Amino acid sequence: MAKIRGSIVVDVEKCKGCEVCMVSCPTGTIAMAKEVNSKGYFNAYPANPELCIGCASCAIVCPDGVITVYKTKI
Amino acid sequence: MAKIRGSIVVDVEKCKGCEVCMVSCPTGTIAMAKEVNSKGYFNAYPANPELCIGCASCAIVCPDGVITVYKTKI
Amino acid sequence: MKEATGIKEIIKPENLAYQRTEVLVDNTLSYCPGCGHGTTHRILAELIEELGLQSTTIGVSPVGCSVLLYHYLDVDIQQAAHGRAPAVATAIKRLLPDSFVFTYQGDGDLAAIGTSETIHACNRGENILIIFVNNGIYGMTGGQMAPTTIPGMKSSTSPFGRDVKTMGNPLKMTDIVATLDGTYYVTRQSVHTPANVRRAKKAMRKAIEYQKLNRGTCFVEIVSNCPSGWKMTPVESNKWMEANMFPYYPLGDLKVPSEEKGK
Amino acid sequence: MKEATGIKEIIKPENLAYQRTEVLVDNTLSYCPGCGHGTTHRILAELIEELGLQSTTIGVSPVGCSVLLYHYLDVDIQQAAHGRAPAVATAIKRLLPDSFVFTYQGDGDLAAIGTSETIHACNRGENILIIFVNNGIYGMTGGQMAPTTIPGMKSSTSPFGRDVKTMGNPLKMTDIVATLDGTYYVTRQSVHTPANVRRAKKAMRKAIEYQKLNRGTCFVEIVSNCPSGWKMTPVESNKWMEANMFPYYPLGDLKVPSEEKGK
Amino acid sequence: MEKELRLMKGNEAIAEAAIRAGVDGYFGYPITPQSEILEYLMEANPYERTGMVVLQAESEIAAINMVYGGAGCGKKVMTSSSSPGISLKQEGISYIAGAELPCLIVNVVRAGPGLGTIQPAQSDYFQSVKGGGHGDYHLIVLAPASVQDMADFVEVGFDLAFKYRNPVLILSDGAIGQMMEKVYLKPYIPRSTVFPEWATTGKTASRERNIITSLDLDPDGQEDFNHKLQAKYDDIKKNEVRFEEFMCEDAEYILIAYGTSARVCQKSVQIARGQGIRVGLLRPITLFPFPSVRISQLAEKVKGMLSVEMSAGQMVEDVLLAVNGKVPVRHFGRMGGIVTTPDEVVDTLKTLFIGGK
Amino acid sequence: MEKELRLMKGNEAIAEAAIRAGVDGYFGYPITPQSEILEYLMEANPYERTGMVVLQAESEIAAINMVYGGAGCGKKVMTSSSSPGISLKQEGISYIAGAELPCLIVNVVRAGPGLGTIQPAQSDYFQSVKGGGHGDYHLIVLAPASVQDMADFVEVGFDLAFKYRNPVLILSDGAIGQMMEKVYLKPYIPRSTVFPEWATTGKTASRERNIITSLDLDPDGQEDFNHKLQAKYDDIKKNEVRFEEFMCEDAEYILIAYGTSARVCQKSVQIARGQGIRVGLLRPITLFPFPSVRISQLAEKVKGMLSVEMSAGQMVEDVLLAVNGKVPVRHFGRMGGIVTTPDEVVDTLKTLFIGGK
Amino acid sequence: MTEEIIIAGFGGQGVLSMGKIMAYSAVMQDMEVSWMPAYGPEMRGGTANVTVIISSERISSPIIRHFDTAIILNQQSLDKFENAIKPGGVLIYDGNGITRHPERKDISVYRVDAAEEAGRMNMSKVFNMIVLGGFIKVRPIIKIENVIKGLKKSLPERYHNLIPLNEKALIRGEEIIREVRLV
Amino acid sequence: MTEEIIIAGFGGQGVLSMGKIMAYSAVMQDMEVSWMPAYGPEMRGGTANVTVIISSERISSPIIRHFDTAIILNQQSLDKFENAIKPGGVLIYDGNGITRHPERKDISVYRVDAAEEAGRMNMSKVFNMIVLGGFIKVRPIIKIENVIKGLKKSLPERYHNLIPLNEKALIRGEEIIREVRLV
Ligand SMILES: Cc1ncc(C[n+]2csc(CCOP(=O)(O)OP(=O)(O)O)c2C)c(N)n1
Ligand SMILES: Cc1ncc(C[n+]2csc(CCOP(=O)(O)OP(=O)(O)O)c2C)c(N)n1
Ligand code: SF4
Ligand code: SF4
Ligand code: SF4
Ligand code: SF4
Ligand code: SF4
Ligand code: SF4
Ligand SMILES: [Mg+2]
Ligand SMILES: [Mg+2]
């Protein structure tokens, strides 16, 4: 069976660091940055990118709609 | 068994001739006058006074509260 | 006083079986012949007398045919803006918690413009009695359609009959308030026959007694007539009401206190 | 654009799995971090795009945090007075019957000041969609108690927790509108987890489709959070919502069209 | 096409004129003395005649917000009520003015304050003209004095409303609403099928989205908007003042009166002239914009002015502002639903200005 | 007892003063910039402290009608809101005036029209002073210019309200409501236990029933009542005018300003005096009754007056009416939530009256 | 020419429609008219009245307190309006149910027993037209032919068959009205 | 003497309470004060600011657009208020998170790295008091002893144990503030 791999893109400056994506990610891909963005928020980022399966859970739960998801079979 | 007899008093000038008492009287005591009162209404009156049993149905259903009821055993 | 009297001999003080209560002031009511407002006023007045509440009663009259309630009941009364009686009563009761506070409202007043005040007072469970005279029409202003006008019924603003598609469905406010946590006793009655008057009065008495116990909002709907607005004689209007209003607004209790259910 | 990206090779147009809809204008939302308003906006925007409704949509935004909805959705929008969105939408839909008309309202807006407009629009069965974001608080004005604030819950006007005795019971507007003849589909959803977002979107899609068929009012409640008003982190607020709001406002359909029941 | 002659109540005339003017929507709630407007419309079944939407709302507040919604779609929409109902609409009216929406509001005034009585009065002048709602805004206010005016001002009102994107108020009263008179009705104009470009009718690909709002949280933006509004009001003041003069040419005294009072005063002028007193009448037709310039001109050549209103004295302030101290200005009015009689006015004029009766 | 010194927001000061003044009931609905009044009261738990009832109503309309109910019982009751909310209360206010009930209404004004913005403004002057509701009525209107005034005017307001059986409005604005200043609070007065004889408190055997209403269908009765109201307003005009003067003795120009604008203008006077311009400030404290007599006296000896308001020009009409053409009167104001600066005022004064900057 | 008329009686006696027909007839004669009913809950008491003004000039106020002619159909209205008639004016009344007859001597008083007549002729529907006939007889400011014209214009087509009956009633009214001399 | 101050930063940095303590301290010195927050949904963006005016005279307007001193705690606020400082005025800022430093040369600029210091000293709760200490150093219009008095008056009794910590922070602020010379 082909393995499904995903990748996300977070619009860092629009992220408000709410962590909702992080707790919704089934694979633990996402963590919060240690530095704040220019608005003062610790933004989300794919800390463990290799774990991402492109399920889009993070994106559809993000209140600010700042995550784009890509997915492919390999 | 003692027979119950009643008698009503209608305040003619305040009666509005709505006939609600008449249709509510179980004994057919009440009828409507042929002449209007000074406000132009055909008022109720005890047309068959001997039939009255003093049940007060007419009085408690009269929207204008213009009937007084007396009742006695004979 | 010009009187039409039955058998004179029976008419003695000791035989008095029924007499108008003195809480009903000796004014001619301004209502049209046969209008249920008069009867509803009277049973309320009788209860105020019977329960000895004259000195603690504060009533709130609406805008509607019964706006002049204060001309007829010999108690302190505030006349509220159209639809706002429950808000007015809320403040009265909270500021004078030992008084008996009621509102008296028509269906236009309570179920149209006053929808919000009604629902929120009931939902807060204000310790007041709401008397809701539902005659399916705006009597005072000349017979316009009310929220409670039943489908197909004619009125001056539904001259071809209420068309629910464009004018909406009748609103059953009593059913709604019965679902609210704040209401304690909710009932629907009528006053068009002696038996119904008796039942309505009994219901209202209960409601008053619950208020003494601070149980929450009690809500008594009186399904009533409007001979003028309906363009019928009073007797016809009562028949029409039985045939057409009651199926839509069935009489009986909608919410009975659990403490009472066993009884 | 400053981006934080995962594995670069996968990021190719042909692999695109999820992207923000263009109906959501590229403005930063003014909402606090983690606020459910944003998610709710997004699913609505996605549906407008997916169902090709951009050119026929007229939305009505409320007074509340979502007052600026018109900054975010790329459709024609009217901003209504506090509580009056259903009245505004009524006129829009009746005058432009081929358009898709929705209101978007908070719990203060819809269940306090707008109680009457909500109930009457629903009771008339206006062919509109009402989206009701219930976060149990007045977010916009700084976290005051709303009609939907649950018992014991603290807010800036119930600093010791909502005391139902003096402040009244929470009002379940969705339950009320479900009882009205004019409503066709009434449901309660949330958007705090991916699964709930999917369900909420499905429900909203149904509601939109019913409007095309002129079935009457559809009403979608979103039980949501207000991290700022509740003084919690977004993640805490979602947990608190599950533990405390859902028991009071259980998710699921409250009124399903009979034609659908078999399905 | 010829105009049709009818005998109608003022309220009915408004309703029929609305149908004929191609009005798209009416939203109202019953209140005496104007319920005939809604009743007539329901009876006339305009939905069949012209497609006009007529809806009895659950309250005056719902009705004015329906007007907001309809007007926001660029439709010709209107509402009507009487004094207490109009007070309830004040927030909505302020929103409509703030969102610059064209619409028609009819107030068939009854005496107040509070529930008051249902008889005619002119005590809502301040509310109408100065702004009963919050914020710096103005309605264009038309004051009909006959059933014919009631009919005519519907079209006039909508023309002004759309020209300036501004709400228009017809300030009538119970007498004009309830009385029947002859009225010539215009033929029917079809309802419009084109909409102003700012209206929310669905965002097409060819334009940006349209937004109807009165909100601008940024004070600078809000101030700019307010300046724009004020500039519009200045234009209106320049272009739209309407009034009628009756025997003012050689007058020593001027009566100023609108609506029912203006009718009464026309008779007063005749009576006074019969007694050799040179009186004229200036009848403002627009109350906002007020005929201040003309009044100020007249003030140059007369000895005094008497503002006659069925109120405790409201319009008199605008007369005073126009006259600015040039000649004495007084007020005479009955209140509580009582319509002034022509003789009373003459007597008052004599007492206040000429001395003795 | 000594007064207590606190640093408080204007909104908080009103709330605390209400508790201390022995107010019986507060009924309100949240709206920026005045929600702190309700919040403070809820936090202070006055039911425990004094037995005061505090209730968050479901709407502004419910709140004003609760005030009606409470005032009808002879209790000291109040409500507060900001501009859109006050517009919604207009019917209720007209009823309260028509039923002659004493109560206190607070408007912490924000800029309009419509939803506008939440920043301070003075654009509800007409609504407050001329009557935003229907009918010929007046509120007594107090204009605080500091947090101290916010506290003090609660008691002043209730005193006037009960003295005249008339609603009193405190016309504040977002700046005064939101700012903190020093305030000296009075000691607590116990809530009253005696009630006016007209109040509905339950009909005892010793008196006739009491009725609270604004209805009299008979126009003669209604007119009599209106005459009674007008006589009351005349009394109020005679007895209750309050204002403050600052450097008016030798002034050639007078600034007229209330509330926040008056504070700003006090600074303007200092600046202008520094530049050798003889300017004074008259600050109306009561807007109804307006200090017309004093202004008219001042008009005899100055060269011009400038009405400074955060509006498009509303109070200026009352100034014009008082001055009645004696000297030029102009208006300067910022709108949309912007507070005028002292320098702007001085510049405008120079431009309008003195020529050039 | 200006004639200021009050018509007053019970609701149901056709007071308002009599006024309307009167006004319509005057319109047919190219005159100015105003018709102003007492409105609102005043009617609740069961009384109805309407002021009709017919004039060759523009009419000032539709609400007036003194009348050239009063047409009175019940006791309450007689009590209320007898003193509102201008000296030299006209009072027309139906004697049915009247217990206290008119007393003023400075006006002309006419009696038209239309109720009785309508009962007799079995045409109670057009009771008010009998009264109107009486009015036309004593105040011939409108012509019967114009009343008929007005009826044709104001009545829906389906009622036009009733016009002859109306005409008959008008004529009967002209016949039965008689002056009452109060000395 | 009049000092017009703006304090601006993120919500949560204690901007409003710093202003309040400053104002309370001035009250303790018998001065007039006004404290005016930016209010309402403006705060939603996550920023907070407050204008404090301290004066020996009655204060005219609490809302002003130019300031003697600006205390700036984040980049957004620096961008917004740098140009609102009167020529010759004072800018105090915390360098944490600042990417574009102040540029004006007609004012005195001071830097107080309070965030860093608070982190180091493990007293993030009193971060704002470190800043206030810095302010007092460069604008000694209020005295530390009066700040302490003000705290005593404004803090509920149960928090009085925190006063020594606050005092420590104030003093530390006085120590670490330093002038930045822009040449
Ligand atoms: C604000 C306001 N709107 C409308 C009215 C007019 N109005 C008076 S009574 C009434 C309706 C009365 O109907 P209902 O409440 O059913 O009472 P009923 O007369 O039938 O007993 C209306 C609309 C008013 N007085 N005030
Ligand atoms: C007439 C009026 N009253 C009050 C307000 C103030 N106000 C603005 S939003 C709001 C409540 C918002 O709460 P909600 O509807 O629950 O929306 P949320 O912000 O929680 O999404 C209030 C009371 C107003 N703008 N207008
Ligand atoms: S859910 Fe969105 S806004 Fe929240 S942390 Fe994740 S990416 Fe940022
Ligand atoms: S797409 Fe799925 S797996 Fe990847 S980061 Fe998002 S939630 Fe996690
Ligand atoms: S008391 Fe009974 S029997 Fe007698 S008249 Fe009345 S209803 Fe009839
Ligand atoms: S019920 Fe009363 S008012 Fe009606 S007819 Fe009988 S007595 Fe008269
Ligand atoms: S109009 Fe109807 S409700 Fe009003 S009094 Fe007459 S019958 Fe009763
Ligand atoms: S205040 Fe609450 S509802 Fe409003 S944006 Fe913030 S979190 Fe959302
Ligand atoms: Mg009714
Ligand atoms: Mg909310």
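Since the model is a prediction, treat every value here as computed from it, not as a measurement. (Residues numbered from 1 in each chain as written. Chains lettered and ligands numbered in written order. Predicted model: local features only at pLDDT ≥ 70, side-chain atom pairs only at ≥ 80, totals over all residues. Heavy atoms only, no water.)

Asks: Let's hear about the coordination of the magnesium ion (ligand 10): which residues, and what values?
Replies: Donor atoms from the polypeptide that bind the magnesium ion (ligand 10) are D:Asp107 (OD), D:Asn135 (OD1) and D:Ile137 (O), placed at 1.9 to 2.1 Å. Spacing between the donor residues of the magnesium ion (ligand 10) along the chain follows D-x27-N-x1-I. (Donors = N, O, S within 2.8 Å, 3.2 Å for Na, K, Ca; no water.)

Asks: Go over the domain arrangement of chain E with me, naming the residues and quoting the values.
Replies: Residue and element names in this part refer to chain E. One can read the domain layout of chain E as domain 1 (4-239) and domain 2 (244-354). The C-alpha-based centres of domain 1 and domain 2 are spaced at 28 Å. Across the contact, 32 residues belong to domain 1 and 27 residues belong to domain 2. When the area that domain 1 buries against domain 2 is broken down by residue, the three leading residues are Gln122, Tyr125 and Phe126, summing to 32%. The interface formed by domain 1 and domain 2 holds three salt bridges in total. One can count 16 residue pairs in polar contact (both at pLDDT 80 or more) joining domain 1 with domain 2. (Domains from an automatic or database assignment. Contact = heavy atoms within 4.5 Å. Buried area = accessible area lost by both parts, 1.4 Å probe. Salt bridge = Lys/Arg side-chain N within 4 Å of Asp/Glu carboxyl O. Polar contact = N/O pair within 3.5 Å; in protein donor to acceptor, adjacent residues only side chain to side chain.)

Asks: Explain the sheet that holds strand β11 (residues 252-255) of chain C residue by residue, including any values.
Replies: Taken together, the eight strands give an open sheet; going across it, the order is β11(C)-β9(C)-β10(C)-β6(C)-β5(C)-β3(C)-β4(C)-β9(F), and neighbouring strands pair in mixed fashion. The sheet is open, and its two borders are formed by β11 of chain C together with β9 (211-212) of chain F, each paired with just one other strand. Pairing of strand β3 (residues 57-61) of chain C with strand β4 (residues 76-79) of chain C, which is carried by four bridges, proceeds in the parallel orientation. Residue pairing across strands places C:Gly59 opposite C:Ile77, the latter belonging to β4(C). (Pairing = 2+ DSSP bridges. Helix = DSSP H or I, 4+ residues; strand = E, 2+ residues; numbered from the N terminus.)

Asks: How would you summarise the packing of helix α5 (residues 144-154) of chain H against helix α6 (residues 163-176) of chain H if you had to cite specific residues and measurements?
Replies: All names here are of chain H. Contact geometry of α5 with α6 gives a least axis separation of 11 Å together with a crossing angle of 150°. On the basis of their axis angle, the class for α5 and α6 is roughly antiparallel. Taken as a pair, α5 and α6 cross one another with a handedness that is right-handed. Mapping the contact onto sequence places Ile144, Val147, Ile148, Leu151 and Lys152 in α5 and Ile163, Asn166, Glu167, Leu170, Ile171 and Glu174 in α6. Broken down by class, the residue content of the contact of α5 with α6 amounts to seven nonpolar, one polar and three charged. (Axes fitted to C-alpha atoms, helices over the stretch in contact; angles between N-to-C directions. Parallel < 35°, antiparallel > 145°, perpendicular 65-115°, else oblique. Left-handed = near helix turned anticlockwise from the far one by under 90°. Nonpolar A, V, L, I, M, F, W, Y, C, P; charged D, E, K, R; others polar.)

Asks: Lay out the site of ligand 4 with the relevant residues and their values.
Replies: If you check the shell around ligand 4, you find 14 residues, and the closest are A:Cys25, A:Cys52, A:Cys55, A:Ala56 and A:Cys58. Looking at side-chain class alone, the shell around ligand 4 contains ten nonpolar, four polar and no charged residues. (Near = heavy atom within 4 Å.)

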